[in-house]
Amino acid sequence: MIGGLYQSLVNLFGDKSRDLFYRTGYEWALQDMVMLNQRLHDEIGGANVDLWQMDAKFIMESWWTPIGEAGWGRCTFNFAAQSQGLVFVELHDSAVAAPFAEAEAPVCHLYSGLFAGALSFFERTERHAVEIQCHAQGAASCQFIVGPGAKIDAAEAMRVKGTPPLEIVSRLH
Ligand SMILES: [Zn+2]
């Protein structure tokens, strides 16, 4: 159903659908993080406990778990380059990539928006995201980079030129 909906929106909005999906994901994640913060207050207790005092990986996994269980795929968050403002996300079983066979470019813009929104909220600064490898192009998993706008623009420019994902990651460091 998600695949059909996605394809319909691509047919309706063409190139604009990319931005539409990204913004939708971004807003969805912001709303989710507000609710997660409230839930952590209620569960862990204490008015002084909030999401920003907790481990980034724990927060992102707590956020993603119910989304993954609802059928949106399995995510791994890699914070090894967080000191440089970069977070890497690997997604298996993207709900939107499956209907596409041999796409020419990554298609999971909704997920890019989700990761950018969630990390913008957590890091309390504007974060962008780009997908550098997609299951819709035949890769085993989808891979995303989240970080400052300039770095994400550089990553996207490299991807467009055909730079392999591993090289994009190493050049950004
Ligand atoms: Zn993808």
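No experiment lies behind these values; they were computed from the predicted model shown. (Residues numbered from 1 in each chain as written. Predicted model: local features only at pLDDT ≥ 70, side-chain atom pairs only at ≥ 80, totals over all residues.)

(A) Highlighting the overall build of the chain. On a plain count of helices and strands, the chain comes out with six helices and four strands. Going from N to C terminus, the chain has its helices and strands arranged as α-α-α-β-β-α-β-β-α-α. Each principal axis of the C-alpha distribution contributes one length, and for the chain these read about 50 × 40 × 25 Å. The burial tally for the chain puts 36% of its 173 residues in the buried class. Long-range contacts, defined as pairs at least 24 residues apart, comprise 54% of the intrachain contacts of the chain with a sequence gap of at least 6. (Helix = DSSP H or I, 4+ residues; strand = E, 2+ residues; numbered from the N terminus. Buried ≥ 20, exposed ≤ 12 C-beta atoms within 10 Å, placed from the backbone. Contact = placed C-beta atoms within 7 Å.)

(B) Spotlight on the sheet that holds strand 2 (residues 87-92). Read from one edge to the other, the open sheet built from four strands follows the order 1-2-4-3, with strand pairing classed as antiparallel. Strands with a single pairing partner mark the edges of an open sheet, and in this sheet they are strand 1 (74-78) and strand 3 (128-133). On average, adjacent strands in this sheet sit at an angle of 25° to one another, irrespective of strand direction. Contacting strand 3 and strand 4 (142-147), helix 5 (residues 149-160) crosses the sheet at an angle of about 20° to strand 3. Running at roughly 145° to strand 3, helix 6 (residues 165-172) makes contact with strand 2, strand 3 and strand 4 of the sheet. (Pairing = 2+ DSSP bridges. Axes fitted to C-alpha atoms, helices over the stretch in contact; angles between N-to-C directions.)

(C) How the structure looks around the environment of Ala-97. Its location among the elements puts Ala-97 in the loop between strand 2 and helix 4 (109-123). Ala-97 gets classed as buried once you count the C-beta atoms within 10 Å, which come to 25. The residues contacting Ala-97, other than those within four sequence positions of it, are Val-107, Cys-108, Cys-134, His-135, Ala-136 and Cys-142.

(D) Focus on the packing of helix 1 (residues 2-13) against helix 2 (residues 16-44). Across the interface, helix 1 lies against helix 2 with an axial gap of 8 Å and an inter-helix angle of 130°. By the criterion of interaxial angle, the relationship of helix 1 to helix 2 is oblique. Taking contact as the criterion, the partners of Leu-9, Val-10 and Phe-13 in helix 1 are, on helix 2, Lys-16, Ser-17 and Leu-20. Partitioning the contact of helix 1 with helix 2 into residue classes produces four nonpolar, one polar and one charged. (Parallel < 35°, antiparallel > 145°, perpendicular 65-115°, else oblique. Nonpolar A, V, L, I, M, F, W, Y, C, P; charged D, E, K, R; others polar.)

(E) Representation of the pairing of strand 1 within the structure. In strand 1, alternate side chains face the same way, and those of Cys-75 and Phe-77 are buried while those of Arg-74, Thr-76 and Asn-78 on the opposite face are not. Note that strand 1 and strand 2 share five bridges and pair antiparallel. Of the residues in strand 2, the one forming a bridge with Cys-75 is Leu-91.

(F) Expanded view of the packing of helix 5 against helix 6. Between helix 5 and helix 6, the shortest axis-to-axis distance is 10 Å and the interhelical angle comes to 150°. Classed by the angle they form, the pair helix 5 and helix 6 counts as roughly antiparallel. Between helix 5 and helix 6 lies a crossing whose hand is right-handed. Residues Lys-151, Ala-154, Ala-155, Met-158 and Arg-159 of helix 5 pack against Ile-168, Arg-171 and Leu-172 of helix 6. Grouping the constituent residues of the contact of helix 5 with helix 6 by class yields five nonpolar, no polar and three charged. (Left-handed = near helix turned anticlockwise from the far one by under 90°.)

Keep in mind these values describe shape, not function.
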